Amino acid sequence: MRTVSLERTTHPVLIFWIFAGWVGFCLLPWYGVEKFYSFEWLVDGWPFDADYAPAAVLVAMGQKLWLAPMALALVAPLLVLGRRKTDSIYARVLIAAGAFGFAWLVAQGLGIGLRGLNADWLTALFGPLDDRQFGMGYGALITASAFLFLLTQGIAARGAVNGDVFVTAAIGGVIAVVSIFVFFPIAKMLLAAFATDDGGYSVLGFFPKFLDSRIWGLGCLRGAQCGAAWNSLVLAVLVGVLTTLLGLAFALVLTRSGFRYKRMLRALTVLPIITPPFVIGLAIILLFGLSGTVTTSVAALLGLEPARWVYGLTGILIAQLLAFTPIAFLVLIGVVEGVSPSMEEAAQTLRANRWQTFRTVSWPLMRPGLANAFLLGFIESMADFGNPLVLGGNFDVLSTEIFFAIVGAQYDQSRAAILAVVLLGFTLGAFYLQRFWLGKRNYTTVTGKGDSGVHPAMPAGLAIPVYAVVALWSGFTLVVYGMILYGSVVQLWGVDDTLTFKHYVTAFSLSWGDNGLRWTGSAWDSFWTTMLIASLAAPLTAAVGLITAYLLTRQTFAGKRAFEFGTMLSFAIPGTVIGVAYILAFNVPPIEITGTGLILVISFIFRNMPVGVRAGIASMSQLDKSLDESSLTLGANSWQTFRAVILPLLRPAILAALVYSFVRAMTAISAVIFLVSARYDMATSYIIGRVENNDYGLAIAYSTALIFVMLAAVGLLQLLVGRTQIGRRTSHGEGH
C-alpha cells in the first residue's frame, strides 16, 4: 500500500520541469551569448561575469533585481510534490506559479530594454531606471519553458482535455511558440499599415492606401494593366489547380501503374523543389526569352519576329508550376497510397469497372489531399517573389510590390503592410473555401484491421491522359535542367559556349597546405553555414508540424479553428515581409537574435511548418480513431500512442515535412535576404550576389552543386524514414 501511495503522489514530469526551471534560473546564462550553439561561455567568465551570469547570481550580486520575483514562482511548485493530482490545491498552485512566472518574465522582458524602461508611462510610474538588459538567453529560455509547462500541468489537473498532460502541454507549447515567432513579428509589421507620415497611427489613413488603384485597378478590361491584387489572385488559382492536377498525375503513375522506372520518376518530381527559383527563371529565359533557343528556332521556322511572350503571366505560371508541383506531389503521394485497396477491391467485387471504382471510391477519399495540395500551391504562388522578379515584366503581383516597397528607394513600410493585408485576405479566403469543400465528411481508410489488398490500375480512359501529361511534363523538366547543367559548364552562358569547369573550381576548390586540407573555394563558407542551418531546422520543423497536425485531427479543444489559422499564418505572408517583421521584432530585447544563426533557424521552422501541418492532416484524416482508442484502452498514454501507433503510419507525411523543410532552408530567398549577416551567409544570398555581378556561370554552378547535394540528402532521408508498412501487396495483379 505504501508503494501505491508513493506512485500516486510522485510526478516525474512535474519534478523534471521544476528541476529545469531551477537550472535555468541558477546555472545557465540568463542573457544571450553571441553563438547560440557554442559553449565558450563556460570558460569565459561564467558564472560571475555579468555577460554570462545566471539570474540567481545577478540578483545575489545586487544586479537586475527585477528578476528576483521569479524565484518565488519556482519555489511554489515544491509545495505540491507530495499531493495527488486530484487535490484542488495541486492544480491551483501550479496554475498560479506557472502563470505568474511566465507573465512576469514576459513583462520584465518587454518593459526593460537597452535604454532602461521602454515606455514613458513606466518611467512616470517607477522613475528613470539606471540599468538596462539585453536579449534573453539559455537561462531565460529554459525557465520560461518550465513556467509554461508547469501552467499546462495545472490546467490538465483541472480536467482540461480529459486531464491529458501531453496534449495540454503540446497545445500550450505550440500556442506559445506560434505567438512569439509568428503573431508577434507579424503584428509589429502589420501595425505599420496604420502608420502616418508624422510617425503616429490612424485608421482613417488606412483606407485610401488600401483602395489604391495600383492594387485593385481593372485596367486589364480596357487593354491596360490590372492591379497587383487581381494579377496575384488569377495566378494563384491557376497554380493551385494545375499543380494539384500535375501532382496527382505523378502520384497515380507511381501508385496505380506498372511503370518500371518509378524511382527515377520520383527523383525527377523533387528536382524543382531543390532548385533556387530564379535559376529556373533564368533557364526559362534561355529557352523562351527574346533570344532563347526555342523562340529563335520557332521564329526562324515560321518566319516570325521573336517576341517577349514569356515575360508576364505565362512565364511566371510556367516557372511556378515547375517549382511548386513537387509540393503537391509530396502531399498527394501519401494520400493516394493511403486509400484502402480493400475498398477499391470491394467495389470491383460488386461489378464496378475501374473507372466507376476510381470515380466513386478512390477520388472521394483523396479529397483531403487534393484540398491541401491546392491550398499549398495557392499560398506558395501568392508568397513567391523570386519567379515574378525574374519573369514578371509589367505583370505586377503582390509579393514583388511588397519587396519593392521595402527595399526600394521609397522604403514605405505602410504600403508593404497594406499589401500584406490584401495577400492575407486572399489566403484566408482560400483556407475557408478548402474547409467548406471538405465539409465534415469522414475520409478514414486505414483502420486497425489488416489490409493486404493491392491498388487497382488506372482505368484506360484516365491512364492515357495521365501518362501523356506525365511524359510531357517530365520531358520539359529534363530540358530545363539540361539547360541549367549546360549553363554551369560553359564560359559565358548565351555568349561564349566554350566548355569549362572553372566555375566549379572557383566555388569549391580545395588545397593541401602545412595545416592540412583547406577549403579555398569562395562558396564553402556559405555552403557549410547553409548545411548547418538546414540540418537544425528540418527535424524541428517536422516535429512541430506533425504534433500540430495530431492536435488538429485527434483532439477537440476551445479555439481549435483559431489555433489552425495561427499555424498557417506564417506561410501566407511573403518571405520578404517575414524577413522585415523578424528584424523589427527581434532586433531589440527581449529576444535579440538579429544577425545570428538562430534567427535563420527559427524563421525556417515557422515559415515551413505549415507543410508538415497540412501533410500530417491529410494523412491523419485517413487513420481511424479506433487505433488511438485501442492503444489508450491497453493502458498507453497519449504520448505513447502518438509515438508508437500514429507516427509509424505517418512516414509519408514525415518524409514530406523533412524533405520540404530541408530543401527550402537550402534554397530560400526572400526572408534570407534580410536575415543573413557577414558571419551567417546563406547559399542563396551568395548566389544572388553572383547574379547581381552578372557572374551567371558561377551562380548556376553553385546551384547545380546544391541540386546534387540535396538529391543525396533526400535519398538519405527516404532511407532513414522508410516506407509505411501496413501489410499490402506491392504489385498489380492481372485483371485488376
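In what follows, the structure referred to is the one given above.
Model, not experiment: these values are computed from the prediction.

Peer 1: What exactly am I supposed to notice about the overall build of the chain here?
Peer 2: The number of helices and strands found in the chain is 33 helices and six strands. Of all intrachain contacts in the chain linking residues separated by at least 6 positions in sequence, the fraction that spans at least 24 positions is 75%. When the accessible area of the chain is evaluated, it comes to approximately 32,800 Å², of which 64% is carbon and sulfur surface.

Peer 1: In this structure, what is going on with a nonpolar patch on the surface? I would like to understand it.
Peer 2: On the surface, a nonpolar cluster with roughly 430 Å² of combined accessible area is contributed by Val-234, Val-237, Leu-238, Val-241, Leu-242 and Leu-245. On the accessibility criterion, Val-237 (36% relative accessible area) is partly exposed.

Peer 1: Explanation requested: unusual backbone geometry in the structure shown.
Peer 2: What you tend to see is this: most non-glycine residues have negative phi, and most peptide bonds are trans. Here the residue pair Pro-589 and Pro-590 is connected by a cis peptide bond, since its omega of 15° sits within 30 degrees of zero. By the element assignment, Pro-590 lies in the loop between α26 (575-586) and α27 (597-620). Positive phi outside glycine occurs at Val-161, with the angle close to 45°. For Val-161, the position within the fold is in the loop between α7 (138-157) and α8 (165-190). One non-glycine residue, Asn-162, lies in the positive phi region at around 60°. Tracing the chain through its elements places Asn-162 in the loop between α7 and α8. The class of Asn-162 is exposed, set by a relative accessible area of 79%.

Peer 1: What am I meant to see in the pattern of salt bridges here?
Peer 2: Pairs may arise between side chains of opposite charge once their charged atoms sit close together. In this structure the tally under the stated criterion is six salt bridges. A salt bridge links Arg-83 to Asp-87, with the shortest nitrogen-to-oxygen separation between them at 2.9 Å. Given a relative accessible area of 33%, Arg-83 falls into the partly exposed group. On the basis of relative accessible area, Asp-87 is assigned to the partly exposed category, the value being 25%. In this structure, Arg-415 engages Glu-401 in a salt bridge whose closest nitrogen and oxygen atoms are separated by 2.9 Å. Note that Arg-415 is positioned in helix α21 (residues 413-438) and Glu-401 in helix α20 (residues 398-407), a separation of 14 residues in sequence. The exposure classification of Arg-415 matches that of Glu-401, with both residues buried. Overlapping salt bridges bring together Asp-212, Arg-214, Glu-401 and Arg-415 as one network.

Peer 1: Explanation requested: the nonpolar core in the structure shown.
Peer 2: Most often, soluble globular proteins have nonpolar side chains that are buried together. Counting 184 residues, the largest nonpolar core has Leu-252, Ile-284, Leu-551, Tyr-582, Phe-604 and Tyr-702 as the members making the most contacts within it. Among the elements that make up this core, the one with the highest residue count is helix α15 (residues 313-338) (17 residues). For Leu-551, the contacting residues outside a window of four places in its chain are Val-167, Ala-170, Ile-171, Val-174, Phe-557, Lys-560 and Phe-563. Among the nonpolar cores identified, the runner-up in size contains 20 residues, and Trp-30, Trp-66, Met-70 and Ala-144 belong to it.

Peer 1: Where do I start with the packing of helix α11 (residues 228-255) against α15 in this structure?
Peer 2: Between two packed helices, the angle of one axis relative to the other and the distance separating the axes together describe the packing. Look at α11 against α15: their axes get within 6 Å of each other, and the N-to-C directions meet at 45°. In terms of axis orientation, α11 runs oblique to α15. Taken as a pair, α11 and α15 cross one another with a handedness that is right-handed. In terms of residue class, the contact of α11 with α15 is built from 20 nonpolar, six polar and one charged.

Peer 1: I tried to follow the pairing of strand β6 (residues 516-519) on my own but got confused; where do I start?
Peer 2: Within a regular beta strand, the side chains point alternately toward one face of the sheet and then the other, so they alternate between its two faces. With four bridges joining them, strand β5 (residues 510-513) and β6 adopt antiparallel strand pairing. Bridging across to β6, Ser-511 finds its partner in Arg-518. Counting the residues that bridge the hairpin from β5 to β6 gives two residues.

Peer 1: Teacher, can you tell me more about the environment of Ile-646 here?
Peer 2: By the element assignment, Ile-646 lies in helix α29 (residues 638-646). With relative accessibility at 0%, the residue Ile-646 sits in the buried group. Residue contacts for Ile-646: discarding those within four places in its chain leaves Tyr-550, Arg-554, Met-620, Leu-623, Asp-628 and Thr-641.

Peer 1: Mind showing me how you'd approach helix α32 (residues 683-692) here?
Peer 2: In an α-helix there are 3.6 residues to a turn, and that puts residues three or four apart on one side. A large share of α32 lies buried, amounting to eight of its ten residues. Taken from the residues just after α32, Asn-694 is the one with a positive phi, measuring 60°.

Peer 1: Would you mind going over a negative patch on the surface with me for this structure?
Peer 2: Where like charges cluster on the molecular surface, the negative patch consists of Glu-40, Asp-44, Asp-49 and Asp-51. Looking at where Asp-44 falls in the secondary structure, it is placed in the loop between α2 (12-26) and α3 (55-60).

Peer 1: Would you take a moment to explain the packing of helix α24 (residues 524-554) against α29 for this structure?
Peer 2: Viewed as axis vectors pointing N to C, α24 and α29 meet at an angle of 105°, and their least axial separation amounts to 13 Å. Of the possible angle classes, the one that applies to α24 and α29 is roughly perpendicular. Contact residues: α24 offers Leu-546, Ile-547, Tyr-550 and Arg-554, while α29 offers Ser-638, Phe-642 and Ile-646. Of the residues in the contact of α24 with α29, the class split is five nonpolar, one polar and one charged.

Peer 1: Before we go on, may I ask you to explain the environment of Ile-605 in this structure?
Peer 2: Mapped onto the elements of the fold, Ile-605 is located in helix α27. Classification of Ile-605 by relative accessible area gives buried; the value is 7%. The sequence separation of Ile-605 and Ala-537 amounts to 68 residues, and the corresponding C-alpha distance is 5.6 Å.

Peer 1: I would appreciate a short explanation of the side chain of Gln-108 in the present structure.
Peer 2: Relative to the helices and strands, Gln-108 is located in helix α5 (residues 88-111). Accessibility expressed as a relative area gives 6% for Gln-108, which makes it buried. When near neighbours in sequence (up to four residues on either side) are disregarded, Gln-108 contacts Trp-66, Leu-67, Gln-133 and Met-136.

Peer 1: I keep staring at the packing of aromatic side chains and nothing clicks. Help me out?
Peer 2: Two numbers describe a pair of aromatic rings. These are the distance of the centres and the angle of the planes. Overall, the coordinates contain 36 aromatic pairs when judged by the stated rule. Centroid distance Phe-166 to Trp-639: 5.4 Å. Interplanar angle 55°. Geometry classified as tilted. Of the two residues, Phe-166 sits in helix α8 while Trp-639 sits in helix α29, which places them 473 residues apart along the sequence. Judged by its relative accessible area of 41%, Trp-639 is partly exposed. A ring pair is formed by Phe-206 and Phe-207, whose centres lie 5.3 Å apart and whose planes are at 80°; its orientation type is edge-to-face. Members of the aromatic cluster, connected to one another through ring pairs, are Phe-194, Phe-206, Phe-207, Phe-210, Trp-216, Trp-230 and Phe-426.

Peer 1: Whenever I open this one, the environment of Ile-654 confuses me. Can you help?
Peer 2: Considering the arrangement of structural elements, one finds Ile-654 in helix α30 (residues 651-667). Separated by 63 residues in the primary sequence, Ile-654 and Leu-717 place their C-alpha atoms 9.7 Å from one another.

Calculation rules
- Residues numbered from 1 in each chain as written.
- Predicted model: local features only at pLDDT ≥ 70, side-chain atom pairs only at ≥ 80, totals over all residues.
- Heavy atoms only, no water.
- Helix = DSSP H or I, 4+ residues; strand = E, 2+ residues; numbered from the N terminus.
- Contact = heavy atoms within 4.5 Å.
- Areas by Shrake-Rupley, 256 points an atom, 1.4 Å probe, with all protein chains shown as cover.
- Patch = residues over 30% accessible without salt bridge, like charges linked within 9 Å, V, L, I, M, F, W, Y side chains within 5 Å.
- Salt bridge = Lys/Arg side-chain N within 4 Å of Asp/Glu carboxyl O.
- Buried < 20%, exposed > 50% of the residue type's maximum accessible area, 1.4 Å probe, protein only.
- Core = buried A, V, L, I, M, F, W, Y, C linked by side-chain atoms within 4.5 Å.
- Axes fitted to C-alpha atoms, helices over the stretch in contact; angles between N-to-C directions.
- Parallel < 35°, antiparallel > 145°, perpendicular 65-115°, else oblique.
- Left-handed = near helix turned anticlockwise from the far one by under 90°.
- Nonpolar A, V, L, I, M, F, W, Y, C, P; charged D, E, K, R; others polar.
- Pairing = 2+ DSSP bridges.
- Lys, Arg positive; Asp, Glu negative; His and termini not counted.
- Charge placed at Lys NZ, Arg CZ, Asp CG, Glu CD.
- Phe/Tyr/Trp six-rings, centres within 6.5 Å; stacked < 30°, edge-to-face > 60°.

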